[in-house]
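The lines below spell out each chain.
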Amino acid sequence: MVSVGIDALALATTHVQVPLSALADALDVPVGKYHKGLGQERMSIPALDEDAITMGAEAATKLLAHTGTDGIRTLLYASESGVDQSKAGGVFVHGILGLPRHIRTVELKEACYGGTAALQTALAFVARNPEEKALVIASDIARYTTDESGEPTQGAGAVAMLVSANPRLVEIEPVSGVYTLDINDFWRPNDSSTPYVHGHVSMDAYMDAFTGAWDDYRAYGGRDIGEFARFVHHQPFGKMARKAHARLMEYTGVHLQATNDTVNTDDSVIEAGLIYGRHIGNSYTAALYIGLASLLGNDSEDLTHKKIGMFSYGSGAVSEFFCAVPQPGYREVLAQTGADARSVMDMLDARTEVDFRTYRVMHAALRTDSEDFETPSQTTGPYRWAGVQGKIRRYSATS
């Protein structure tokens, strides 16, 4: 059987950020509630001329500058920050980047799980025809109502992945465990720009989906828990990933000391994967793969051929557990697309920091209607959302 997986990966975020210390000061909340209680320090927010499309296009530009477009026959765009009920967000990206016309382009949606749905679909396309490649883009802006519990978990991020046979970054093993349950833990109706969240239901749904996906993974011949050297769990905020790991360790009865081939019950096996998310915030469909990049770029050990357990969750709820295996030279592959640790931290440090008042003004200024308007030029990124003209969203390069 041909090996398939992620050949290369690139990240992007918005170009504005808010330190959660500013939010804590303004709301008279102990900053430890955010830094320790949530495991978060900063959150990316969009400038008024940024959206999920501009982020996705920026991530894809970084990726394709190295890989080129030869062999790409599929573009799968995953997001729950959709800008049109009919036209796929990937078609906007396709036009912005001037990609070849002979590409199938589709948008996938199932809350935060959509990125994994896109990846698994791409893997199937490539397994069927190993000469083809697929471009997967997961891009989202997590936007919540102000003065509610979700506000400090906001964020924005995008990841672009080239899926191919004989991948250079990580192989994705064919066995996976899946789980679906219709539950109202988190949802966003068509007439709302922010979601509705039942926090206590959401935490339970996440944990139940995790163990359900794990059981299915094992039932279909998946690896034993002791074979995994590291884990990346879906991370709407860092503390949830920590709770998920503790739950999995308890559920599987693991009480082992960490070695090169086994896992232990503390957070050392997930810690490196939490670094980027701590400074970006929630990125929905992109969060798991930003976590994977964080793990590969920051873990002190050489993870070549080690087994990484990947848990993907999307409210509503759908989940999947699968295994990723880093390939020889994976760190060099990260560096080629600017996804290495130093480049990513430089990207995060380059964001414009705004104060609480400015952030709240920007949050309130979001336009979701289709009347003609122009957005102010704010972003320092390569692409901007220029506004609406003739009920059509317009995008342009900034230089």
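Thresholds applied
- Think of each chain on its own: its residues are numbered from 1, step by step along the sequence as written.
- The predicted origin of the model limits local features to residues at a pLDDT of at least 70 and limits the giving and counting of side-chain atom pairs to 80 or more, whereas totals for whole chains, interfaces and linings rest on all residues.
- Only hydrogens and water are set aside when side-chain values are computed; all heavy atoms of the structure are taken into account.
- Each helix corresponds to a stretch of at least 4 residues labelled H or I by DSSP, and each strand to a stretch of at least 2 residues labelled E; elements are numbered beginning at the N terminus.
- The globule rule used here is 2.2 Å times the number of residues to the 0.38 power, and the radius of gyration it is set against is calculated over C-alpha atoms.
- The buried label applies to any residue whose accessible area, calculated with a 1.4 Å probe on protein chains only, is under 20% of its type's maximum; exposed applies above 50%, and partly exposed to all values in between.
- The contact definition used throughout considers only heavy atoms, calling two residues in contact when any of these lie within 4.5 Å.
- The Shrake-Rupley method, run with a 1.4 Å probe sphere, supplies the accessible areas, and residue values consider only the shown protein chains as cover.
- Counting rule applied: Lys, Arg positive; Asp, Glu negative; His and chain ends not counted.
- Lysine's charge is taken at NZ, arginine's at CZ, aspartate's at CG and glutamate's at CD.
- UniProt positions are given in the numbering used here, feature names are shortened, and annotations may be inferred rather than shown by experiment.
- Orientation is described by lines fitted to C-alpha atoms, with helices fitted over the stretch in contact, and by angles between N-to-C directions that extend from 0 to 180 degrees.
- Working rule for angles: under 35 degrees goes down as roughly parallel, over 145 as roughly antiparallel, 65 to 115 as roughly perpendicular, anything else as oblique.
- Here the aromatic set is Phe, Tyr and Trp, taking the six-membered ring for Trp, and pairing holds for ring centres within 6.5 Å; pairs whose planes are under 30 degrees apart are stacked, those over 60 apart are edge-to-face, and all others are tilted.
- Whether a charge sits over a ring depends on NZ of Lys or CZ of Arg being within 6 Å of the ring centre and within 35 degrees of the ring normal.
- One side-chain nitrogen of Lys or Arg within 4 Å of one carboxyl oxygen of Asp or Glu is enough to make a salt bridge.
- Expected span of a helix: the number of residues minus one, times 1.5 Å.
- As used here, the term nonpolar core means buried Ala, Val, Leu, Ile, Met, Phe, Trp, Tyr and Cys residues forming a set that is joined through side-chain atoms within 4.5 Å.
- The pairing criterion is simple: DSSP has to find at least two bridges between the two strands.

### Digging into the overall build of the protein chain
When helices and strands are counted, the protein chain shows 12 helices and 17 strands. What you see for the protein chain is a C-alpha radius of gyration of 20 Å, in line with the 21 Å of a compact globule of 399 residues. Dimensions of the protein chain along its principal axes, counting C-alpha atoms only, are 55 × 55 × 40 Å. Within the protein chain, the fraction of its 399 residues that count as buried is 56%. Across the protein chain, the fraction of contacts at a sequence separation of at least 24, relative to all contacts at a separation of at least 6, is 75%. Within the structure as shown, the protein chain displays about 16400 Å² of accessible surface, and the carbon and sulfur contribution to it stands at 48%. Looking at charge distribution, the protein chain has the averaged site of its 34 positive side-chain charges lying 3 Å from that of its 49 negative ones.

### Some thoughts on the UniProt feature "domain: Hydroxymethylglutaryl-coenzyme A synthase N-terminal" (unreviewed entry) in the protein chain
Per the UniProt entry, the sites bearing "domain: Hydroxymethylglutaryl-coenzyme A synthase N-terminal" (unreviewed entry) are residues 4-165 in this numbering. Across residues 4-165, the secondary structure splits into 32% helix and 31% strand, with the terminal C-alpha atoms separated by 4 Å.

### Quick look at the packing of helix H1 (residues 20-27) against helix H12 (residues 356-364)
Direction vectors running N to C along H1 and H12 enclose 95 degrees, while the axes themselves pass 9 Å from each other. Viewed along their axes, H1 and H12 adopt a mutual orientation that is roughly perpendicular. Residues Ala 22, Leu 23, Ala 26 and Leu 27 of H1 lie in contact with H12, whose contacting residues are Phe 356, Tyr 359 and Arg 360.

### Side note on unusual backbone geometry
With an omega of 5 degrees, the peptide bond between Gly 316 and Ala 317 qualifies as cis. Looking at the element boundaries, Ala 317 is found in the loop between strand S12 (308-314) and strand S13 (318-326). Positive phi outside glycine occurs at Tyr 284, with the angle close to 50 degrees. Assignment of secondary structure puts Tyr 284 in the loop between helix H8 (275-280) and helix H9 (287-298). Since its relative accessible area comes to 4%, Tyr 284 is described here as buried. Within the chain, Lys 391 stands out as a residue other than glycine whose phi angle is a positive 65 degrees. Its location among the elements puts Lys 391 in the loop between strand S16 (383-389) and strand S17 (392-397). Exposure remark for Lys 391: the relative accessible area of 57% places this residue in the exposed category.

### Considering the packing of aromatic side chains
In this description, a pair of aromatic rings is defined by centroid distance and the angle of the planes. Tallied over the full model, the rule gives 17 aromatic pairs. For the pair Phe 373 and Trp 385, a centre-to-centre distance of 5.8 Å together with 85 degrees between the ring planes defines the contact as edge-to-face. Of this pair, Phe 373 sits in strand S15 (residues 373-374) while Trp 385 sits in strand S16, and the two are 12 residues apart along the sequence. Taken as a pair, Phe 373 and Trp 385 share a single burial class, namely buried. Three or more aromatic residues link up through ring pairs in this structure, and these residues are Tyr 206, Phe 210, Trp 214, Tyr 217, Phe 228, Phe 231, Phe 311, Tyr 313 and Phe 321. The residue whose ring lies beneath Arg 104 is Phe 125, and the NZ or CZ to ring-centre distance is 4.5 Å.

### A closer look at the pattern of salt bridges
Scanning the entire structure with this criterion turns up 20 salt bridges. Between Arg 223 and Glu 173 there is a salt bridge, with its nearest N and O atoms 2.7 Å apart. Taken as a pair, Arg 223 in the loop between helix H6 (199-219) and strand S11 (230-233) and Glu 173 in strand S8 (residues 170-180) lie far apart in primary sequence, 50 residues in all. Linked by salt bridges that have partners in common, Arg 230, Asp 299, Glu 301 and Lys 306 make up one network.

### Focus: helix H5 (residues 114-128)
Helix length check: H5, at 15 residues, gives a terminal C-alpha distance of 21 Å against a target of 21 Å (1.5 Å per residue), a fit within 8%. Among the residues of H5, those classed as buried are Gly 114, Gly 115, Thr 116, Ala 117, Ala 118, Leu 119, Ala 122, Leu 123, Phe 125 and Val 126.

### Details of the nonpolar core
Grouped together as the largest cluster of nonpolar side chains are 80 residues, with contacts concentrated most on Leu 9, Leu 135, Leu 169, Tyr 289, Leu 296, Ile 308 and Met 310. Apart from residues no more than four positions distant in its own chain, Met 310 is found in contact with Val 232, Leu 288, Tyr 289, Leu 292, Glu 320, Phe 321, Phe 322 and Ala 324.

### Describing the sheet that holds strand S3 (residues 42-45)
Strand order in the open sheet made by the three strands is S3-S2-S14, with mixed pairing throughout. Edge strands, defined here as strands with exactly one partner in the open sheet, are S3 and strand S14 (352-353). Both strand S2 (residues 16-19) and S3 contribute to a ladder of four bridges, which runs antiparallel. Residue Val 16 lies in a different strand from S3, and its bridge partner there is Ile 45.

### Details of H1
All of the buried residues along H1 are Leu 20, Ala 22, Leu 23 and Ala 24. If you follow the buried residues of H1, they end up packed against S2, helix H2 (32-35), S3 and H12. Positive phi shows up at Asp 28, right after H1, with a value of about 55 degrees.

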